[in-house]
Amino acid sequence: MNLVSLNIESIQLGQPLPFVLRGADGTLLAQKGYIIRTREELAKMVSRGRQLCVDTDESGGSHRAYLAQLQRMLNADTNLGEIAAMKMTAAEDSAARARGGRLLPDWPELQLRATQLLRSPSATDFGGRFQALHDELSRHCEQTPDATLLAMIYLSAQETHLYSGTHSMLVSCVCMVVAREMLRWPEVRVQQLGQAALSMNIAMTELQDQLAQQTHPLTAEQISAVEDHAARSEALLRSLGVSDPLWLEAVRCHHHRTPGPLAKKTEAQQMARLLQRADIFGARMAPRAARPPMPATAAMQASYYDEEHQVDEAGAALVKTLGVYPPGAFVRLASQEVGVVIRRGATATTPKVAVVTNREGMPTGEPIPRDTGMPPWKVTGVVAFKDVRVKLSLDRLLSLG
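Conventions we followed
- As a convention, each chain's residues are numbered from 1 in the sequence order in which they are written.
- Since the coordinates come from a predicted model, pLDDT governs what is reported: local features require at least 70, and pairs of side-chain atoms require 80 or more to be given and counted, while whole-chain, interface and lining totals use all residues.
- The basis for the side-chain values is all heavy atoms of the structure; hydrogens and waters are excluded.
- Only DSSP runs of H or I reaching four residues or more are called helices, and only runs of E reaching two or more are called strands; each is numbered from the N terminus.
- Buried, partly exposed and exposed residues are distinguished by accessible area as a fraction of the type maximum, computed with a 1.4 Å probe on protein chains only: under 20%, between the cut-offs, and over 50%, respectively.
- The contact rule is simple, with two residues in contact once any of their heavy atoms fall within 4.5 Å.
- With residues, only the protein chains shown are counted as cover, and all accessible areas are computed by Shrake-Rupley using a 1.4 Å probe.
- In this analysis, the expected span of each helix is defined as 1.5 Å times one less than the number of residues it contains.
- Note on method: axes are straight lines fitted to C-alpha atoms, helices fitted across the in-contact stretch only, with angles between N-to-C directions ranging 0 to 180 degrees.
- Throughout, the term roughly parallel applies to angles under 35 degrees, roughly antiparallel to angles over 145, roughly perpendicular to angles from 65 to 115, and oblique to all others.
- Here is the rule for handedness: rotate from the far helix to the near one, and if that takes an anticlockwise turn smaller than a right angle the crossing is left-handed, while a clockwise turn gives right-handed.
- Of the two site types, the cavity is a set of points on a 1 Å grid over the protein atoms alone where a 1.4 Å probe fits but cannot get out, and the pocket is an open set with protein on both sides within 12 Å along at least five of seven lines, each lined by residues with an atom within 4 Å of a point.
- Grid points are joined across faces, edges and corners, and a volume is the space filled by probe spheres set on the points.
- Residues are grouped as follows: Ala, Val, Leu, Ile, Met, Phe, Trp, Tyr, Cys and Pro are nonpolar; Asp, Glu, Lys and Arg are charged; all remaining types, including Gly, are polar.
- Per-residue confidence from the predictor is given as pLDDT, running between 0 and 100.
- Within 3.5 Å is the distance limit for a polar contact, defined as a pair of N or O atoms, with the added protein rule that one can donate a hydrogen and the other accept it, and that residues adjacent in sequence qualify only through two side-chain atoms.
- Pairing of aromatic rings covers Phe, Tyr and Trp, the last counted by its six-membered ring, and requires centre-to-centre distances within 6.5 Å; plane angles under 30 degrees mean stacked, over 60 mean edge-to-face, and any other angle means tilted.
- To sit over a ring, a charge needs its Lys NZ or Arg CZ within 6 Å of the ring centre and within 35 degrees of the ring normal.
- We count a salt bridge whenever a side-chain nitrogen from Lys or Arg sits within 4 Å of a carboxyl oxygen from Asp or Glu.

Some words on the overall build of the protein
Reasoning step 1: Across its full length, the protein holds 16 helices and 11 strands.
Reasoning step 2: By residue count, 53% of the 401 residues in the protein fall in the buried class.
Reasoning step 3: Restricting to contacts in the protein with at least 6 residues of sequence separation, those with at least 24 account for 60%.
Reasoning step 4: Accessible surface, the protein: about 17,900 Å² in total, of which carbon and sulfur atoms supply 52%.

Quick look at the structure:
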């Protein structure tokens, strides 16, 4: 460890920590992403650790950003009072990068945070870390829903090592966007739904990641763990301090096969049904070591029809919200160009697309925006992720949205 002490005034209350906070002897005081809400809580941490420290070996990016800001203030002859009051915020962390004059989330970093949190939850700090992660996802869903869907669907179509955390993030984001935009649920229920989705598989996170890499059939023990994971997830969440009855019931029931109108279900059952539909969509979109991901339209179809082969109300809301060709999906145009959907359009079949290969199948270099509402660039079908031989920068795609 390479511990560097911090001034207590450099910690911003009510904001996710952009670094791991440690005591003078290296003792863990708070994980990255934890929210310190009061001065009293901060004072208790100081008393436990004797002083606040950052290990630059594990939080180097955050600490360098802090030092760089301090140096800029010194060079600009900023008065000492302002320097002493300087805040180290999450926005200064390497997780926030400017593109085109706006800040973009570091989605790979969020994937890692979700994986670490869900694989090894601890009652001592689970509440703060979970809420910080969920609040960030919720904010992105509300402020930039298309960019959020693009990032999550694009990453889900290629992620196997951090599958469970990525899948939970995808389902959480999809559910919150659908509930807010199409179902018009109250904001409190939208938040409960997002929390339930993010935590629904917490009891089998490590197993899910293992299964994504597994090429042989599931063992009897694995099948049993999968079948009862919803009840175990609910029990684990209770032990971690979660007490919201709707959140817990939605987690417990998210694998129940209960077709039928949403109006005939309780609030928790409605949440669970939308979770189940989004869960199906996300699972079909994701790759496994034993099989490639399904095209977006096939994943949509799987969630659209219920167990009785009828149109499912929650599944239909999902499809209407995301569109037939959701952000992050690859499509072929009438021009024979191939592009990635970067934003939903005026109709379900006319998304905004960025072309990545020309009609000869050669990379375009820079993505080229196309209006698929115009006949020359009409979408004629989907293209499987594995068939796109172009390495794309997610940040570059997000900046086009």
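A closer look at helix α13 (residues 267–285)
Reasoning step 1: Counted at 1.5 Å a residue, the expected span for α13 with its 19 residues is 27 Å, and the 27 Å between its end C-alpha atoms agrees.
Reasoning step 2: Judged by how many residues are buried, α13 sits mostly within the fold: 16 of 19 residues are covered.

Description of the packing of helix α8 (residues 187–199) against helix α12 (residues 245–252)
Reasoning step 1: Look at α8 against α12: their axes get within 9 Å of each other, and the N-to-C directions meet at 40 degrees. As judged from the angle between their axes, α8 and α12 are oblique. Helix-helix and strand crossings are classified by hand; for α8 and α12 the assignment is right-handed. Seen from α8, the contacting residues are Gln192, Gln195, Ala196 and Ser199; seen from α12, they are Leu246, Trp247, Ala250 and Val251.

A look at the layout of surface pockets
Reasoning step 1: Computed from the structure, the largest pocket encloses a volume of approximately 920 Å³.
Reasoning step 2: Contributing to the lining of the largest pocket are 32 residues, with Val226, His255, Ala283, Arg284 and Arg288 lying nearest its centre.
Reasoning step 3: Elements with a minimum of two residues in the lining of the largest pocket: α7 (163–181), α9 (205–213), α10 (220–227), α11 (229–239), α13 and α14 (296–304).
Reasoning step 4: At six residues, the largest contribution of residues to the lining of the largest pocket is made by α13.
Reasoning step 5: Residues belonging to the lining of the largest pocket are distributed by class as follows: 12 nonpolar, 10 polar and 10 charged.

Some thoughts on the confidence of the model for the protein
Reasoning step 1: Across the protein, pLDDT averages 85, with 85% of residues at or above 70.
Reasoning step 2: Below a pLDDT of 50 lies the segment residues 67–75, which in the model reaches 10 contacts outside its immediate sequence neighbourhood of four places, other chains included.
Reasoning step 3: Confidence drops under pLDDT 50 across residues 77–101; counting only partners more than four residues distant or on other chains, this segment forms 55 contacts.

Brief notes about the side chain of Gln214
Reasoning step 1: Here Gln214 lies in the loop between α9 and α10.
Reasoning step 2: Exposure remark for Gln214: the relative accessible area of 10% places this residue in the buried category.
Reasoning step 3: Here the side chain of Gln214 touches His216 through a polar contact of 3.1 Å, landing on its backbone oxygen.
Reasoning step 4: Residues in contact with Gln214, not counting those within four places in the same chain, are Gln222, Ala289 and Ala290.

Brief notes about the packing of aromatic side chains
Reasoning step 1: Here the structure, examined in full by the defined rule, presents six aromatic pairs.
Reasoning step 2: Pairwise contacts between aromatic rings join Phe126, Phe130 and Trp247 into one cluster.
Reasoning step 3: A cation over a ring is seen here: Arg189 above Trp185, with NZ or CZ 4.0 Å from the ring centre.
Reasoning step 4: We note Arg288 situated over the ring of Tyr163; from NZ or CZ to the ring centre the distance is 4.5 Å.

Observations regarding the pattern of salt bridges
Reasoning step 1: Within this structure, the stated rule accounts for 15 salt bridges.
Reasoning step 2: As a salt-bridge pair, Arg119 and Asp209 come within 2.7 Å of each other at their nearest N and O atoms. Note that Arg119 is positioned in helix α4 (residues 107–119) and Asp209 in helix α9, a separation of 90 residues in sequence.
Reasoning step 3: Exposure remark for Arg119: the relative accessible area of 38% places this residue in the partly exposed category.
Reasoning step 4: With a relative accessible area of 4%, Asp209 lands in the buried category.

Regarding the environment of Ile36
Reasoning step 1: Turning to its location among the elements, Ile36 is positioned in the loop between β3 (28–30) and α1 (39–49).
Reasoning step 2: Sequence separation between Ile36 and Leu17 is 19 residues, and the spatial gap between their C-alpha atoms is 7.9 Å.

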